[in-house]
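Below, each chain spelled out in residue letters.
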Amino acid sequence: AAQPQDVVCAVHLRSFVEQQGLVGYDPNLDVLLVTEGKLRALAELQQAVLQCTVRIPVVLPASHFPDTISFRQGSCCSIVHVVNCEEEFQQQQLDLLWRILDPGVHTALQKHLVCGPVKVTNPSSPIGADQYFQLRKHQMYEASVMKYGELAQDKAWTEVIDTLTVAAISGWTEISPGPQITLDLEDSSISTKGTKSGAFVMYNCARLATLFDTYQRAVERGMYPPLPPPSELNFSCLREEGEWLLLFHYLLPFPEVLQQAAQLPPPSKGIRITANTEAVCKFLIQLSMDFSSYYNRVHILGEPFPHLFDQMFARLRLLGAVRDVFHSALATLHLPPLSQI
């Protein structure tokens, strides 16, 4: 076969792997023809590593290769190549070429996070990411019109439907890098109903927004006094089991959930790693279910009698913290909370 015109040299990857005692690489790796394009990609990676800061993870740009993330660890960076399964072989070639040309500490710390394939059921024709988004957006629009009628056809709902579409595409199920993901394109697979959907999470965010908006308007009318600071509240008024469930199952463990979602496993032999990227989605689904159960059972804004205010204030503070957790968790998924649905 004719060689590419921009070949600079050839390197024997298999012998390098054997000499270095490296584990986890594809046994079919052999001779690599080093092109100018591969060298440019390595130069970009090298430059990004040099710019790696202590506080911010960096997505290393590579024009012809998948994303790579760099994390500062002490005086060097750990490199994580995020790659789909179809390009894993090519990314391993780049990894080894980098090790050969720059035998530094950071290249020795390279790891690979491999994402499984995305399979589509019931496709009438091949579909790309843009087409898939537009299909889901149309389905979400139709589902919203069925539920909310003409209200969902208002232009103000465009942003709402866009957000619901992204939430629906996110899956909100146990999806993590590695396993195959199957997408069902049928209309019945997307809905504004159900307790395990992105729309349900957004619906509960909107309920909280409505609650606090209603309370604030009542304060402005003189119906309720303003919410006192936490130090002045009597939290012993929280006697419902659902209130303590929200506190101990969600508010207190939330920082640990974020840490679990972002944490990479400790160094080990081999080059593959896994990540718990589904942890926040699972957390939001369960929080939505338990919050919804509590909110349907308990009346938060009661009659404007002074002897009822202590309990109302304590509940508002609790649900204010729940609202903050919803917003923070959604922010990690780059989703804005909705104030109405």
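Residues numbered from 1 in each chain as written. Predicted model: local features only at pLDDT ≥ 70, side-chain atom pairs only at ≥ 80, totals over all residues. Heavy atoms only, no water.

## Remarks on helix α5 (residues 129-148)
Heads up, the condition is: Secondary structure is summarised from DSSP: a helix means a run of H or I of at least four residues, a strand means a run of E of at least two, and numbering begins at the N terminus for each. Here, expected helix span is obtained from the residue count minus one, scaled by 1.5 Å. Relative accessible area decides the class of each residue, using a 1.4 Å probe on protein chains only: under 20% of the type maximum gives buried, over 50% gives exposed, and in between gives partly exposed. By arc we mean the arc of the directions from the helix axis to the C-beta atoms, nothing more.
Over its 20 residues, α5 runs 28 Å from end to end, which matches the ideal 28 Å to within 8%, given 1.5 Å per residue. Listed as buried for α5 are Tyr132, Arg136, Gln139, Met140, Ala143 and Ser144. All buried residues of α5 fall inside an arc of 140 degrees around its axis, so they share one side. Directly beyond the C-terminal end of α5, a positive phi value near 70 degrees is found at Gly149.

## A short note on the confidence of the model for the protein chain
Our working definition: Confidence scores here are pLDDT values: one per residue, from the predictor, ranging 0 to 100. Any two residues having at least one pair of non-hydrogen atoms within 4.5 Å are treated as being in contact.
Mean pLDDT for the protein chain: 82, with 83% of residues reaching 70 or above. Counting contacts from residues 53-66, a segment whose pLDDT is below 50, to residues more than four positions away or on other chains yields 34 contacts.

## What to know about the packing of aromatic side chains
The following threshold applies: Working definition: rings of Phe, Tyr and Trp (its six-membered ring) pair if their centres are within 6.5 Å, and the pair is stacked with planes under 30 degrees apart, edge-to-face with planes over 60 apart, and tilted otherwise.
Taken as a whole and judged by the stated rule, the model has 8 aromatic pairs. Both rings, one in Tyr215 and one in Tyr224, keep their centres 5.8 Å apart while their planes meet at 25 degrees; by these two values the pair is stacked. Note on accessibility: Tyr215 and Tyr224 belong to one class, buried. A network of ring pairs unites the aromatic residues Tyr215, Tyr224, Phe309 and Phe313 as a single cluster.

## Describing the packing of helix α2 (residues 36-50) against helix α3 (residues 88-101)
Heads up, the condition is: Working convention: axes come from line fits to C-alpha atoms, limited for helices to the stretch in contact. Angles between N-to-C directions cover 0 to 180 degrees. Throughout, the term roughly parallel applies to angles under 35 degrees, roughly antiparallel to angles over 145, roughly perpendicular to angles from 65 to 115, and oblique to all others. For this scheme, ten residues count as nonpolar: Ala, Val, Leu, Ile, Met, Phe, Trp, Tyr, Cys and Pro. Four count as charged, namely Asp, Glu, Lys and Arg, and the remainder, Gly too, count as polar.
Interhelical geometry of α2 versus α3 gives an angle of 70 degrees and a closest axis separation of 11 Å. By the criterion of interaxial angle, the relationship of α2 to α3 is roughly perpendicular. Between α2, through Lys38, Leu39, Leu42, Leu45, Gln46 and Val49, and α3, the contact on the second element is made entirely by Leu94, Leu97, Trp98 and Leu101. Along the lines of polarity and charge, the residues of the contact of α2 with α3 split into 8 nonpolar, 1 polar and 1 charged.

## Structural notes on the pattern of salt bridges
Operational definition: The working definition used for a salt bridge is a side-chain nitrogen of Lys or Arg within 4 Å of a carboxyl oxygen of Asp or Glu.
Inspection of every chain in the model, using the stated rule, returns 7 salt bridges. The closest approach of N and O atoms between Lys137 and Asp162, which form a salt bridge, is 3.0 Å. Of this pair, Lys137 sits in helix α5 while Asp162 is found in helix α6 (residues 157-170), placing the two residues 25 residues apart along the sequence. Asp162 sits in the partly exposed class, given a relative accessible area of 24%. For the salt bridge of Arg217 with Asp213, the shortest nitrogen-to-oxygen distance reads 3.0 Å. One end of the pair, Arg217, and the other, Asp213, are both in helix α7 (residues 198-220), 4 residues apart, so they sit about a helical turn from each other. You can call Arg217 partly exposed: its relative accessible area is 39%.

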